[in-house]
Amino acid sequence: MKKCVIGKSINKAKKLLDADELVAIPTETVYGLAANAYHTEAVLKLFQVKNRPTFDPLIVHASDIDKIYDFTSAFPVNAQKLAEHFWPGPLTLLLPKKKNIPDLVTAGSKLVGVRIPHHQLTLSLLDKLDYPLAAPSANPFGYISPTEPLHVSTQLGNSISYILDGGHCTIGIESTIVGFDQNEILIYRLGGIPIEEIENRLQKKVILFTNDTKSPNAPGMLASHYAPRKKFTLGSIDRIIETYPTTKIGVLNFCSYKKNIPASNQLILSYRKDTIEAASNLFSFLRKLDESDVDIIIGELVPEEGLGRAINDRLRRAAHTT
Ligand code: TXA
Ligand code: MG
């Protein structure tokens, strides 16, 4: 069992990563669990610690575009336009990989997901490394993503020795993943950059490619994901009140309280109906309810626009039961 330290030392993080160890790193979206993306042995540890199936590929992080050229072989014009505008930021681009990225990172795909995260501490760390970092979200596979160092240490503290402390993640929801096919723009995962902004930038409609499926052919887009341990459901509360005592029902609301449930069991994502604020609270509030003394949690969908789409995507996956 490892003794896990939470700290702000870039040098300590670098030393561990240089030795093929794992380090949790802050980003603006969620905390990542990082390893040298060029070393298969280091990357293998990510899958083991997260208990993640190897058909689910990893995103590779770098501090600038020049470094991304080291491990990608093409950069389509539309990808360049998005990179120029949204990086550093919550955007992952799928680009053809070079041989220096092991197949384990991409689950055998010829494309690698790349991103420049918007977090000063992690950018400074990446800048000092002569390799990029493969980093999935720093949670056990399928569970709620971490947005604070304590979320990481609670769940993975026995298996990793260092968490780089960058405070609370400002965006709070994972990056938007975009792929390119001929002239088409494919959205593989809704996330921190709303699709409206991508369409505006490229003056082109995107294609949503985020179909729910259990098939490994759509890696990482499993219908059930981001899930709390407690039963989590969406929809009408009336049905639940018939079955559970009201003191045992937790509620994740968008902007107002539900009647008949104790207020102490309810969390509000954004009183002012702001989906940006709601996204930044989503995972930590879901986690709080999961750790509270309730038997069931009920959530409600938010307006399906801007970041609301990504929030609803996470809520639907968290509620998926089969
Ligand atoms: O915001 C984020 O993207 C965070 C932070 C840490 O950067 N990372 C993250 O990683 O969410 P993870 O491993 O939890 O989710 C990565 C997902 C995969 O599940 C898969 O859906 C998609 O990215 N992905 C990665 N590489 C891919 C590839 N080559 N082809 C298709 N999908 C890919
Ligand atoms: Mg994840």
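Shown above is the structure to which this text applies.
What you are looking at is a predicted structure, and each value in this text was computed from that prediction instead of being measured.

If you trace the 4 strands from one edge of the open sheet to the other, you get 12-15-13-14, paired in parallel fashion. The two strands at the open ends of the sheet, each matched to only one other strand, are strand 12 (231-234) and strand 14 (266-268). Ignoring which end each strand starts from, the neighbouring axes of this sheet average 20° apart. Judged from the 4 bridges that link them, strand 12 and strand 15 (residues 296-299) form a sheet pairing that is parallel.

Before going further, it helps to spend a moment on the site of ligand 1. Close contacts around ligand 1 come from 22 residues, with Thr29, Asp56, His61, Leu111 and Ser175 the closest. Between ligand 1 and threonine 29, the relevant distance is 2.7 Å, taken from an oxygen atom to a side-chain nitrogen or oxygen of the residue. A distance of 2.5 Å separates an oxygen atom of ligand 1 from a polar side-chain atom of serine 175. Summarising the interface, the protein chains cover 96% of the accessible area of ligand 1, which totals 680 Å² for the free molecule. Here the residues of the shell around ligand 1 are counted per class, giving 11 nonpolar, 6 polar and 5 charged.

What you tend to see is this: most non-glycine residues have negative phi, and most peptide bonds are trans. Put simply, tryptophan 87 and proline 88 share a cis peptide bond, and its omega is -5°. By secondary structure assignment, the location of proline 88 is in the loop between helix 4 (77-86) and strand 5 (91-96). With a phi angle near 65°, aspartate 20 is a residue other than glycine that sits in the positive phi range. By secondary structure assignment, the location of aspartate 20 is in the loop between helix 1 (10-18) and strand 2 (23-25). One non-glycine residue with positive phi stands out, namely asparagine 51, at about 60°. With respect to the helices and strands, asparagine 51 occurs in the loop between helix 2 (40-50) and strand 4 (59-61).

With that settled, consider the packing of aromatic side chains. Considering all chains together, one arrives at 5 aromatic pairs under this definition. Between tyrosine 69 and phenylalanine 75 the ring centres are 5.9 Å apart and the planes differ by 80°, which places this aromatic pair in the edge-to-face class. Ring centres 5.8 Å apart and planes at 20° place the aromatic pair tyrosine 226 and phenylalanine 283 in the stacked group. Taken as a pair, tyrosine 226 in the loop between strand 11 (207-208) and strand 12 and phenylalanine 283 in helix 10 (residues 275-291) lie far apart in primary sequence, 57 residues in all. What makes tyrosine 226 buried here is its relative accessible area of 5%. The residue whose ring lies beneath arginine 229 is tyrosine 143, and the NZ or CZ to ring-centre distance is 4.1 Å.

What counts, and where the lines are drawn
Residues numbered from 1 in each chain as written. Chains lettered and ligands numbered in written order. Predicted model: local features only at pLDDT ≥ 70, side-chain atom pairs only at ≥ 80, totals over all residues. Heavy atoms only, no water. Pairing = 2+ DSSP bridges. Helix = DSSP H or I, 4+ residues; strand = E, 2+ residues; numbered from the N terminus. Axes fitted to C-alpha atoms, helices over the stretch in contact; angles between N-to-C directions. Near = heavy atom within 4 Å. Polar contact = N/O pair within 3.5 Å; in protein donor to acceptor, adjacent residues only side chain to side chain. Areas by Shrake-Rupley, 256 points an atom, 1.4 Å probe, with all protein chains shown as cover. Nonpolar A, V, L, I, M, F, W, Y, C, P; charged D, E, K, R; others polar. Phe/Tyr/Trp six-rings, centres within 6.5 Å; stacked < 30°, edge-to-face > 60°. Buried < 20%, exposed > 50% of the residue type's maximum accessible area, 1.4 Å probe, protein only. Lys NZ or Arg CZ within 6 Å of the ring centre and 35° of its normal.

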